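Descriptive structure summary
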Amino acid sequence: MLNRRELFRSAAAGSAALVLPSLTRADDAKGFALPKLPYAFDALEPVVDAKTMEIHHGKHHQAYVDNLNKALAGKPDLLAKPIVELVRDWKKLPADLQAPVRNNGGGHLNHTWFWQMMKKDGGAPKGELAKAIDASFGSLDGFKKEFATAATTQFGSGWAWLVKGKEKPLAVVKTPNQDNPVTDGQAVLLGCDVWEHAYYLKYQNKRADYVNAWFSVVNWDFVAELFAAK
């Protein structure tokens, strides 16, 4: 499990999102490491089946970590950076590192958040988060409709996100591949993985069915903590 105090520390208002721990190994020199799931592989059934969770975490996420470490081998200053900073600033890196960090660093960051953003019987938003959802989307159903539209209309692989907004408290955006809104200075609150490996074993080509079922395992307490972070 991640250090939750570090997880919820945010950067200055209006800057790029939350500060994650460095997620490096114990000696802080050999690179990033795959975080443990905060639940068993079968914990989110029937929404996410155990086999999908096992492959998604142990194969896909592990590959992003391994490829990121390989790309940054011999660069201890970059390996020691918190992953959110590395992904946020990938455009500032040397040209030969930009694509590996964008793709594999993004995959590592996105999934590290994604596992925390789900839990069994996720409940419903409450308090200030619920008020912000109502103010931004009219209702929780209004949010789900807009979020599901973003998730199902993302062409090919990618993500749908709930972020802190500018004109309204909250906004829904989508990104292709493993891009993350932090690169555009947005504070991430919730993300749904719509790569086929996230749902295909159970839902085949029915992405909309997966997204609609996924709402029932959203960890709204976690989202509320991200929303409250200053």
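Residues numbered from 1 in each chain as written. Predicted model: local features only at pLDDT ≥ 70, side-chain atom pairs only at ≥ 80, totals over all residues. Heavy atoms only, no water.

**Focus: helix α6 (residues 127-137)**
- For α6, the set of buried residues is L129, A130, A132, I133, S136 and F137. Considered in projection along α6, the buried side chains sweep an arc of 160° and stay on one side of the axis. In this structure, α6 carries E128 and K131 as exposed residues pointing more than 90 degrees from its buried face.
- The inward-facing, buried residues of α6 contact α7 (140-153), β1 (158-164), β2 (170-176) and α10 (220-228).
- At the C-terminal side of α6, G138 shows a positive phi close to 90°. (Buried < 20%, exposed > 50% of the residue type's maximum accessible area, 1.4 Å probe, protein only. Helix = DSSP H or I, 4+ residues; strand = E, 2+ residues; numbered from the N terminus. Arc of directions from axis to C-beta. Contact = heavy atoms within 4.5 Å.)

**Some words on the pairing of β1**
- The buried count for β1 comes to six of seven residues, which makes it a mostly enclosed element.
- Where β1 and β2 come together, seven bridges link them in antiparallel fashion. Across the sheet, residue K164 finds its bridge partner in β2, namely L170.
- Count of turn residues in the β1/β2 antiparallel hairpin: five residues.
- The sheet contact formed by β1 and strand β3 (residues 188-193) spans five bridges and is antiparallel. (Pairing = 2+ DSSP bridges.)

**Observations regarding helix α2 (residues 50-71)**
- Between its first and last C-alpha atoms α2 spans 31 Å; for 22 residues at 1.5 Å apiece the expected length is 32 Å, and the two agree.
- Its maximal kink placed at H56, α2 deviates by approximately 30°.
- The complete set of buried residues in α2 reads T52, M53, H56, H57, H61, Y64, V65, L68 and N69. (Expected span 1.5 Å × (residues − 1). Bend = angle between axes of the 7 residues up to and from the residue.)

**A look at empty space enclosed by the protein**
- In total, this model carries one cavity of 30 Å³ or more according to the counting rule given.
- Its volume calculated, the largest cavity comes out at about 50 Å³.
- V48, T52, M53, H56, F114, W115, M118, A198, Y210 and W214 are the residues that line the largest cavity.
- Sorting the residues of the lining of the largest cavity by element identifies α2, α5 (95-116) and α9 (207-214) as the ones contributing at least two each. (1 Å grid on protein atoms, 1.4 Å probe; cavity = no way out; pocket = protein on both sides within 12 Å on 5 of 7 lines; lining within 4 Å. Points joined across faces, edges and corners; volume = space filled by probe spheres on them.)

**A look at the packing of aromatic side chains**
- Considering all chains together, one arrives at 13 aromatic pairs under this definition.
- Judged by centre distance (5.3 Å) and plane angle (50°), the rings of F143 and F147 are tilted. Of this pair, F143 and F147 both sit in helix α7, separated by four residues, roughly a single helical turn.
- Using a relative accessible area of 0% as the deciding quantity, one classes F143 as buried.
- Through a chain of ring-to-ring contacts, the aromatic side chains of F114, W115, F137, F143, F147, W159, W161, W214, F215 and W220 assemble into a single cluster.
- Here the guanidinium or amino end of K202 rests over the ring plane of Y203, the centre of that ring lying 5.7 Å away. (Phe/Tyr/Trp six-rings, centres within 6.5 Å; stacked < 30°, edge-to-face > 60°. Lys NZ or Arg CZ within 6 Å of the ring centre and 35° of its normal.)

**So, the sheet that holds β2**
- Within the open sheet, the three strands sit side by side as β2-β1-β3. Their pairing is antiparallel. Either end of the sheet is taken by a strand with one partner, and the two such strands are β2 and β3. Neighbour to neighbour, the strand axes of the sheet diverge by 20° on average, direction disregarded. (Axes fitted to C-alpha atoms, helices over the stretch in contact; angles between N-to-C directions.)

**Concerning the confidence of the model for the chain**
- Looking at the chain as a whole, its pLDDT mean stands at 90, while 87% of the residues score no less than 70.
- The model gives residues 1-27 a pLDDT under 50, and that stretch makes 81 contacts with residues more than four places away or in other chains. (pLDDT = per-residue confidence, 0-100.)

**A word on the nonpolar core**
- One finds F143, F147, L190, Y210 and W214 to be the most contacted residues of the largest nonpolar core, which totals 64 residues.
- Per-element tally for this core: the top contributor is α5, with six residues.
- Leave out the neighbours within four places in its chain, and W214 touches V47, F114, M118, F147, L190, G191 and C192. (Core = buried A, V, L, I, M, F, W, Y, C linked by side-chain atoms within 4.5 Å.)

**Description of unusual backbone geometry**
- Along the chain, E45 connects to P46 via a cis peptide bond; the corresponding omega equals 5°.
- Mapped onto the secondary structure, P46 falls in the loop between α1 (4-8) and α2.
- In this structure, N177 is a non-glycine residue whose phi angle is positive, near 55°.
- Here N177 is to be found in the loop between β2 and β3.
- The exposure class of N177 is partly exposed, given its relative accessible area of 40%.
- In this model, Q204 sits at a positive phi of 50°, which is unusual for a non-glycine residue.
- Inspection of the secondary structure assignment puts Q204 in the loop between α8 (200-203) and α9.

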